[in-house]
Amino acid sequence: MECVRLSRHRFLPIFLFLLIVAGPVFAQSSPMIQSLVAAGTYAGSRWPDFSDYQIWLKKFYEPTNYAPAWIQNGQPTQQALAMIQQFKDAAKKGLEPEDYDASRWDARIANLKNSSPATFDVPMTVSAMRYVSDLRIGRINPKHLKFDLDVDQKKYDLADFLRNRLLTSTDIPRLIEYEVEPQFARYHRTEEALAQYEQYASEGEVEQLPVPQKTVAAGDNYAGVPALTKRLRRVGDLPADATLPSDPQAYDGALVEAVKRFQRRHGLADDGRIGADTVKQLNVPISYRVQQLKLTLERWRWIPQSFTAPPIIVNIPEFRLRAYDDDHKIGLEMNVVVGKAMRTQTPVFTRDMTYIVLRPYWNVPPGILRGEIVPAIQKDRGYIAKKNYEVVTYDGKVITSGEISDEVLAQLKAGKLTVRQKPGPANALGLVKLMFPNTYNVYLHSTPAPELFSRTRRDFSHGCIRVQKPAELTAFVLRRNAGWTLERVQQGMQSGPNDVTVKLAKPVPVFIVYGTAVVSESGEVYFYDDIYGHDAALAAALAKGRPYPK
């Protein structure tokens, strides 16, 4: 048909135009790049299988007909060289350089003239995508470890990011630091602490301290003093110019103060006494502390880049809560009690706090009802009355708060009725609960057992989080609600109607996280026990190598 037919003369100018404009792309196109991408594997890499990134490589190369992206005039581009340096320095960010073929790039550059561009370009693209993704959202998807954190919202279109950001950047390190990595001060302080502890580790491990037969107090002699002195100096707890006793085994003076500082930084009572627990922490290899810092950096990458409002962050192994103000600084912090390590662990997740309840009922969870309340009633039919409980229907109708009959007990066993505890000072939730609705039935609340907050290890709850300063925290989250001063909150907790719900003027994001290494605003590094074994699980998953669970 005439409308689609082109004469030879009309076609020639179009052909010449394509040859001139698009010719370089056609000339550079590489069937081998296309073949490698289609295979999803490259034997010359440390981790050959890149099938988990294959879709992004296809999207990256298809618009240019599989032309090399990182080579110009037979040499690596400026951007390629900058990325290679990033790969070589990956350990500074808590990553593994060989995940990005760090040791192989010099040889690849040297062989560029004698090998196909594909053997440089494809692994370069794979490594760049892996590196950007690992820094942006972490290497392991937190859901693989049963952490209810969503990293999908942070994911880049990797093909687009490489093509339009990396390949056009004149300052790759700045681009990585400010667009890819988390922008939290705590993340960057953890990076700095990692460099510090890597330096400590490079100096070699210190001799192990002997466990004393009895606790060593100030003024005692201790055979481990020389090793203790060396370790405390290495990690900065003992100043290099500190004056020490002339007796090499005397434990006194500046050494005692250094031990107190060490104890504070490792979740121990800072009494300056050297017992089994303190020696255990002192004998932890520096290499293990390095790993704790790396795993903490990995978990920071799971947190969103920005928040809808200043968040509340609870760190489980630290037993600590921090609430951030509108300037993104810590406005309030306090000790917390979390779930028991062996039976009722507090889950890692995030939700928005939307309301608080003053003088709440405690609705006994089904597991506690079956495992604890019903057996107690079977032993003592007056148990409900003694504990200030009441038996209710699921819509809140009170059945009884006195002696439990056989019929009521049978309905409780069958799950047709439930139990709640009446409001008041003895209520398991205390006098306020701060709600961020979730499937775990976990929330923040006060407690009738404040003495637990003075313990150094505080995993005592059934999973919920008890807070040390409930009134102050409630007033803090209600600061946008007119009239809700600290005094009004305290009054509402102590007297007045029961089970009063107050909706927050603006939801507050709550993050329940897990980090065994914490770096304070002053740069002090704190380490905590892996009470739930989450560090061990993450380390095991990473040790399996690529492809990591995404």
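Above this note sits the structure.
Right, let's walk through the structure included here. In every chain, residue numbers begin from 1 and rise along the written sequence. At least 70 in pLDDT is required for a residue's local features to be given in this predicted model, at least 80 for side-chain atom pairs to be given and counted, and no such filter applies to totals for whole chains, interfaces and linings, which use all residues. The basis for every side-chain value is the complete set of non-hydrogen atoms in the structure, without hydrogens or water.

The subject of this paragraph is the packing of aromatic side chains. In this scheme Phe, Tyr and Trp rings, the latter by its six-membered ring, pair at centre separations within 6.5 Å, and the angle between planes marks the pair as stacked below 30 degrees, edge-to-face above 60, and tilted otherwise. With the rule as written, the count across this model stands at 19 aromatic pairs. Measuring from ring centre to ring centre gives 5.7 Å for Phe 87 and Tyr 131, while their planes differ by 70°; the resulting arrangement is edge-to-face. Linking Phe 87 in helix α5 (residues 78–88) with Tyr 131 in helix α7 (residues 118–137), this pair joins segments that are 44 residues apart in sequence. Both residues of the pair, Phe 87 and Tyr 131, count as buried. Arranged with centres 4.4 Å apart and planes meeting at 15°, the rings of Tyr 156 and Phe 161 form a pair that is stacked. The class of Phe 161 is buried, set by a relative accessible area of 4%. Numbering of helices and strands runs from the N terminus; a helix is a DSSP stretch of H or I covering at least four residues, while a strand is a stretch of E covering at least two. When accessible area is computed with a 1.4 Å probe and restricted to protein chains, residues below 20% of their type maximum are described as buried, those above 50% as exposed, and intermediate ones as partly exposed.

This brings us to the pattern of salt bridges. Basic side-chain nitrogens of Lys or Arg form a salt bridge, by our definition, when they fall within 4 Å of a carboxyl oxygen of Asp or Glu. Summed over the entire model, instances satisfying the criterion amount to 32 salt bridges. We note a salt bridge from Glu 524 to Arg 261, for which the minimum N-O separation is 2.8 Å. Placement of the pair is Glu 524 in the loop between β16 (517–519) and β17 (525–527) and Arg 261 in helix α12 (residues 254–265), with a sequence separation of 263 residues. The class of Arg 261 is partly exposed, set by a relative accessible area of 28%. Taking the shortest distance from any N to any O, the salt bridge between Asp 459 and Arg 457 comes out at 2.9 Å. Overall, Asp 459 belongs to the buried group, its relative accessible area being 11%. Taking relative accessible area as the criterion, Arg 457 reaches 38% and is therefore assigned partly exposed. Within this structure, Asp 237, Arg 261, Arg 265 and Glu 524 form a network of salt bridges that share partners.

So, about the layout of surface pockets. Lining residues are defined by having an atom within 4 Å of a point belonging to a cavity or pocket. Those points lie on a 1 Å grid over the protein atoms alone, cavities being sets where a 1.4 Å probe fits but cannot get out and pockets being open sets with protein on both sides within 12 Å along at least five of seven lines. Grid points are joined across faces, edges and corners, and a volume is the space filled by probe spheres set on the points. Here the largest pocket defines a volume of roughly 680 Å³. Taken together, 31 residues form the lining of the largest pocket, with Trp 362, Pro 365, Ile 368, Ala 428 and His 462 sitting closest to its centre. The set of elements that each furnish at least two residues to the lining of the largest pocket consists of β7 (362–363), α15 (366–379) and β11 (432–435). By residue number, the principal contributor to the lining of the largest pocket is α15, which donates five residues.

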